[in-house]
Amino acid sequence: MLLFTPGPTPVPESVRQAMATPTLHHRTPEFEAIFKEARERLMKLLGMDECVMLASSGTGAMQACVINLCKSKALTINAGKFGERFGKIVTAMGKELVELKYAWNTPASLDDVKQALAENADIDSLFIQVSESAGGLRHPVEAIAAYVKSVNPSIMVVADGITAVGVEKINISNIDALVTGSQKALMLPPGLAMIGLSNAAVETIGQGQDYYFNLATEIKNQQKNTTAWTAPTTLIIGLNAIFDEIDKEGLEALYVSTQARANATQGALEAIGFKMYPQTPAMSMSTVFDEDAEAIRKLLKTKYGVNMAGGQDHLKGKIFRINQMGLIPVYESTWVVNAIEMALADLGRRDFDGTASRTFNEIYFNESK
Ligand SMILES: *Cc1c(COP(=O)(O)O)cnc(C)c1O
């Protein structure tokens, strides 16, 4: 079965092998050397001034940012499950919330952000997804972040890049915290969250807040290549192994092939009559809105060996989402669009003539020339 959900993503064989080595104690020079290497490579990937690794799923890093970077009032962008989650965390942590809400196919508008800031001079932090995975939507994070900083540079800009880091080159010049997680573009098992931080964010964190998620405690320890609490040693070993895999062709090559796969998948799906759901699709996944979404997804799973994701909440049964994150062999992506075309034939919607795989190949190989 091909795992084509936008998280979790498959873990490459070499990475699984690396993680099968005997358990190391985390307070040893051996592990500290591994940690140091992972930290340096992560810093390079994120491109930020500081970074921390946390033993948690991605949501833990989102919460750590709310606790440590929002003093009292946050602006959040809710265009899906994950933006909604930022709002829920802010409220759960007892802070004030201003939330901009959008349909799940609609990117945040800069004008709305301008208005929210004008009406709430006391907003001290912004929380936004780069790629909102609920509808496969790309927000105009760069423009919004630049505006927020032009109004008030002390406002902390927190970007959830869990389905964007390792997918595309993100302009981090106005971002203070960039969150990512292990089980999406980094092709690791779930359980490791990572945050890139600007110097301004480190200053704002100061002595930190909270106990487990006190980012000041983590920064202090991780600068010495250790962690405050027991490190997820296996996942950190896996992180170095995935960097080894990515480095074979290089990060730039991964961005180029991800873009080519995204364009080819989208072009192939449109060529067989599908409509893309988001107004501004993220590169992390292709999201199709279709009344037969559930039937297609089921056929792919039972007949063609492909596991795609569906929708949540009001989009349950209405969309399917195809992963584009990670080091995906191109023949797998070609098979996925081909299988979808065969499913359409099974449903009597369209005679099979190979349009999807042909279109995929034409676009992909033209772009990767
Ligand atoms: C997967 C994901 C998360 C984190 O979810 P966890 O289940 O806590 O790892 C956060 N934001 C986005 C955009 C995601 O896709």
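Here the structure is shown first, and the text comes after it.
Residues numbered from 1 in each chain as written. Predicted model: local features only at pLDDT ≥ 70, side-chain atom pairs only at ≥ 80, totals over all residues. Heavy atoms only, no water.

For the overall build of the chain, give the residues involved together with the corresponding values.
Along its length, the chain carries 13 helices and 14 strands. Compactness check: the chain gives a C-alpha radius of gyration of 21 Å against a globular reference of 21 Å for 369 residues, within 12% of the reference. For the chain, the spread of C-alpha atoms along the three principal axes comes to 65 × 55 × 35 Å. By residue count, 58% of the 369 residues in the chain fall in the buried class. Across the chain, the fraction of contacts at a sequence separation of at least 24, relative to all contacts at a separation of at least 6, is 69%. Surface exposure of the chain reaches about 14,800 Å², of which carbon and sulfur atoms provide 52%. (Helix = DSSP H or I, 4+ residues; strand = E, 2+ residues; numbered from the N terminus. Rg over C-alpha atoms; globule rule 2.2 N^0.38 Å. Buried < 20%, exposed > 50% of the residue type's maximum accessible area, 1.4 Å probe, protein only. Contact = heavy atoms within 4.5 Å. Areas by Shrake-Rupley, 256 points an atom, 1.4 Å probe, with all protein chains shown as cover.)

Can you explain the nonpolar core? Please cite residues and give values.
Within the largest apolar cluster, 54 residues are counted, with the highest numbers of intra-cluster contacts made by M53, L75 and L239. Looking at this core, the element that brings in the most residues is helix α9 (residues 233–249), giving 7 residues. Residue contacts for L239: discarding those within four places in its chain leaves A38, M53, L186, L188, L192 and M194. Residues C65, F86, M156 and A177 belong to the second largest nonpolar core, which totals 29 residues. (Core = buried A, V, L, I, M, F, W, Y, C linked by side-chain atoms within 4.5 Å.)

Could you give an account of the pairing of strand β3 (residues 73–78), with specific residues and numbers?
Of all 6 residues in β3, 6 are buried; the element is thus mostly enclosed. Side chains K73, L75 and I77 of β3 all project onto a buried face; the interleaved residues A74, T76 and N78 project onto the opposite face, where all are buried too. Note: β3 against strand β4 (residues 96–101), 6 bridges, orientation parallel. Bridging across to β4, A74 finds its partner in L97. Pairing of β3 with strand β5 (residues 125–129), which is carried by 3 bridges, proceeds in the parallel orientation. (Pairing = 2+ DSSP bridges.)

Before we move on, could you go through the sheet that holds strand β2 (residues 50–55) and cite the residues and values that matter?
Strand order in the open sheet made by the 7 strands is β2-β10-β9-β8-β5-β3-β4, with mixed pairing throughout. At either margin of the open sheet sits one strand with a lone partner, and together these are β2 and β4. Taking the axes of each pair of neighbouring strands and ignoring which way they run, one obtains an average angle of 20 degrees across the sheet. Bridge count between β5 and strand β8 (residues 156–160): 5 bridges; the pairing is parallel. Looking at the pairing, Q129 lines up with D160 of β8. Together, β2 and β10 (192–197) form the strand contacts of helix α8 (residues 215–222), whose direction differs from that of β2 by roughly 105 degrees. (Axes fitted to C-alpha atoms, helices over the stretch in contact; angles between N-to-C directions.)

Describe the site of the ligand, with residues and values.
Around the ligand there are 14 residues in total, and S57, T59, S133, D160 and K184 lie nearest to it. In this structure, T59 approaches the ligand through a side-chain N or O atom, which is 2.4 Å from an oxygen atom. Within the side chain of S133, one N or O atom sits 2.5 Å away from an oxygen atom of the ligand. Here the ligand has 380 Å² of accessible area as a free molecule, and 89% of this is covered by the chains. Every element with two or more residues in the shell around the ligand is listed here: α3 (58–69) and α4 (81–92). Per element, the largest residue contribution to the shell around the ligand is 3 residues, and it comes from α3. In terms of residue class, the shell around the ligand is built from 3 nonpolar, 8 polar and 3 charged. (Near = heavy atom within 4 Å. Polar contact = N/O pair within 3.5 Å; in protein donor to acceptor, adjacent residues only side chain to side chain. Nonpolar A, V, L, I, M, F, W, Y, C, P; charged D, E, K, R; others polar.)

Explain the pairing of strand β9 (residues 177–181) residue by residue, including any values.
Summarising burial for β9: 5 of the 5 residues are buried, a large majority. The two faces of β9 match: A177, V179 and G181 on one face and L178 and T180 on the other face are all buried. Taken together, the 5 bridges between β9 and β10 define a ladder with antiparallel strand orientation. When the bridges of β10 are listed, G181 appears paired with A193.

How would you summarise the packing of helix α5 (residues 110–119) against helix α6 (residues 141–151) if you had to cite specific residues and measurements?
Where α5 meets α6, the closest approach of the two axes is 10 Å, and the angle between their N-to-C directions is 25 degrees. Taken together, the axes of α5 and α6 lie roughly parallel to each other. Judged by the sense of rotation from one axis to the other, the crossing of α5 with α6 is right-handed. Of the residues in α6, those touching α5 at L110, V113, K114 and L117 are A143, I144, Y147, V148 and V151. Its residues assigned to classes, the contact of α5 with α6 comprises 8 nonpolar, no polar and 1 charged. (Parallel < 35°, antiparallel > 145°, perpendicular 65-115°, else oblique. Left-handed = near helix turned anticlockwise from the far one by under 90°.)

Now, about α3: what can you tell me, with residues and values included?
End to end, α3 covers 16 Å across 12 residues, agreeing with the expected 16 Å (1.5 Å per residue, within 8%). Within α3, the full set of buried residues consists of G58, G60, A61, M62, A64, C65, V66, I67, N68 and L69. (Expected span 1.5 Å × (residues − 1).)

Talk me through the state of the cysteines; I want residue IDs and the actual numbers.
What the rule picks out here adds up to 0 disulfides. Note on C51: no disulfide assigned, nearest cysteine sulfur contributed by C65 at a separation of 13 Å. A disulfide-free cysteine, C70 has its sulfur positioned 11 Å from the sulfur of C65, the nearest such atom. Taking relative accessible area as the criterion, C70 reaches 2% and is therefore assigned buried. (Disulfide = S-S within 2.5 Å.)

Spatial relationships are all this shows, so hold off on functional conclusions.
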